[in-house]
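Observations on the model geometry
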Amino acid sequence: MDLATLTLFIPACFALNMAPGPNNLLSVSNSTRYGYRISCVAGIGRLLAFAGMIALASAGLAVVLQTSELLFYGIKIVGAAYLFYLAWQLWRADPGVEKASSGSSVGVLALARQEFLVAAGNPKAILIFTAFLPQFVDPTRAVTPQFALLGALFLMLEWIAISAYAYMGLHMRRWFAEPRGKRLFNRCCAGLLSAAASVLLMARRA
């Protein structure tokens, strides 16, 4: 790929990576509750989901999602329901229990699974890859290597976004050190996740 295309792609892509959303909110929440390292490691679940979506978009399978209204809305409803479930868990979370279990490896796997399911439960993400990445592909050249490079760059920038939001959560952890403050923060995150779920329910294919 030529340098001019990459110069346009990288800032546009990074702006997309840094946009507030359910997964970035999870990074903040997880870092505040369990620590920076655990939040970053959990983000691998999100990267796996996005890598799968990029592969689907590259193979053209995302067209099925665009044309099937039933499939689109089915994924959307399941994804929104999972966000509401996470919001309910955060609302009821006990800050004392969170502190005791912050170093658990099982907890890391569970958080990574959360990241994966939240990303996979958003059908608009696949459509974003279908609409966004192809704009930077030169049809006169081999498409697959270009898609692979753009996808790899997207995932690398997404990892930077995960780290940035987790770092933000690390500082917020100091502000909410007391159990009462943690409970307030958890409930604020629960409200934001519920709002994200509501927005997802209202999303359309185009």
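Residues numbered from 1 in each chain as written. Predicted model: local features only at pLDDT ≥ 70, side-chain atom pairs only at ≥ 80, totals over all residues. Heavy atoms only, no water.

Below, the discussion takes up the overall build of the chain. Secondary structure assignment for the chain yields ten helices and zero strands. Along its sequence from the N terminus, the chain presents helices and strands in the succession α-α-α-α-α-α-α-α-α-α. Split into buried and exposed, the 206 residues of the chain put 44% on the buried side. Counting every atom, the chain has about 10,600 Å² of accessible surface; 70% of that belongs to carbon and sulfur. (Helix = DSSP H or I, 4+ residues; strand = E, 2+ residues; numbered from the N terminus. Buried < 20%, exposed > 50% of the residue type's maximum accessible area, 1.4 Å probe, protein only. Areas by Shrake-Rupley, 256 points an atom, 1.4 Å probe, with all protein chains shown as cover.)

On to the UniProt feature "transmembrane region" (unreviewed entry) in the chain. Using the residue numbers shown here, the UniProt feature "transmembrane region" (unreviewed entry) corresponds to residues 34–63, 70–91, 147–172 and 184–203. As annotated, residues 147–172 has a helix share of 100% and a strand share of 0%, and its two end C-alpha atoms lie 37 Å apart. (UniProt positions renumbered as here; feature names shortened; annotations may be inferred.)

Examined against the element boundaries, Asn 30 turns out to sit in helix H2 (residues 22–34). For Asn 30, a relative accessible area of 0% puts it in the buried group. Those residues within four positions of Asn 30 in sequence are excluded, and the remaining contacts are Gly 35, Ser 39, Leu 111 and Glu 115. (Contact = heavy atoms within 4.5 Å.)

What follows covers the nonpolar core. Grouped together as the largest cluster of nonpolar side chains are 21 residues, with contacts concentrated most on Phe 9, Phe 50, Phe 129, Leu 133 and Leu 150. For this core, the secondary-structure elements that each account for two or more residues are helix H1 (3–18), helix H3 (36–59), helix H8 (123–132) and helix H9 (143–175). Membership of the second largest hydrophobic core comes to five residues, among which are Tyr 34, Ile 38, Ala 42 and Leu 111. (Core = buried A, V, L, I, M, F, W, Y, C linked by side-chain atoms within 4.5 Å.)

The next subject is the packing of H2 against H3. The interhelical angle for the contact between H2 and H3, taken along N-to-C directions, is 150°, at an axis separation of 7 Å. If you check the angle between H2 and H3, you find them roughly antiparallel. Where H2 crosses over H3, the two elements pack in a sense that is right-handed. Where H2 approaches H3, its residues Asn 23, Asn 24, Ser 27, Asn 30, Ser 31 and Tyr 34 are matched on the opposing element by Tyr 36, Ile 38, Ser 39 and Arg 46. Partitioning the contact of H2 with H3 into residue classes produces three nonpolar, six polar and one charged. (Axes fitted to C-alpha atoms, helices over the stretch in contact; angles between N-to-C directions. Parallel < 35°, antiparallel > 145°, perpendicular 65-115°, else oblique. Left-handed = near helix turned anticlockwise from the far one by under 90°. Nonpolar A, V, L, I, M, F, W, Y, C, P; charged D, E, K, R; others polar.)

Judged by side-chain polarity, Val 41, Ile 44, Leu 48, Phe 116, Leu 117 and Trp 159 come together as a nonpolar surface patch covering roughly 490 Å² of accessible area. With three residues, H3 is the single largest residue contributor to the nonpolar patch. (Patch = residues over 30% accessible without salt bridge, like charges linked within 9 Å, V, L, I, M, F, W, Y side chains within 5 Å. Salt bridge = Lys/Arg side-chain N within 4 Å of Asp/Glu carboxyl O.)

What follows concerns the confidence of the model for the chain. Per-residue pLDDT for the chain has a mean of 78; in total, 74% of the residues score no lower than 70. Contacts of residues 100–105 to residues separated by more than four positions or lying in other chains number five contacts, the stretch itself having pLDDT below 50. (pLDDT = per-residue confidence, 0-100.)

Bringing the environment of Ile 38 into the picture now. Locating Ile 38 in the fold gives a position in helix H3. The exposure class of Ile 38 is buried, given its relative accessible area of 5%. It is 9.5 Å that separates the C-alpha atoms of Ile 38 and Leu 109, two residues lying 71 residues apart in sequence.

Let us look at the packing of aromatic side chains. For any pair of aromatic rings, geometry is given as the distance between the ring centres together with the angle between the planes. In total, this model carries two aromatic pairs according to the counting rule given. Between the aromatic rings of Tyr 36 and Tyr 167, the centroid separation amounts to 6.4 Å while the plane-to-plane angle is 90°, which identifies the pairing as edge-to-face. One end of the pair, Tyr 36, is in helix H3; the other, Tyr 167, is in helix H9, with 131 residues separating them in the sequence. Residue Tyr 167 is classed as partly exposed on the basis of its relative accessible area, which comes to 47%. Seen from their ring centres, Phe 50 and Phe 154 are 5.9 Å apart, and the 75° between their planes marks the pair as edge-to-face. One end of the pair, Phe 50, is in helix H3; the other, Phe 154, is in helix H9, and 104 residues separate them in sequence. Overall, the relative accessible area of 10% leaves Phe 50 in the buried class. A residue is classified by how much of its surface remains accessible, and Phe 154, at 4% relative accessible area, is buried. (Phe/Tyr/Trp six-rings, centres within 6.5 Å; stacked < 30°, edge-to-face > 60°.)

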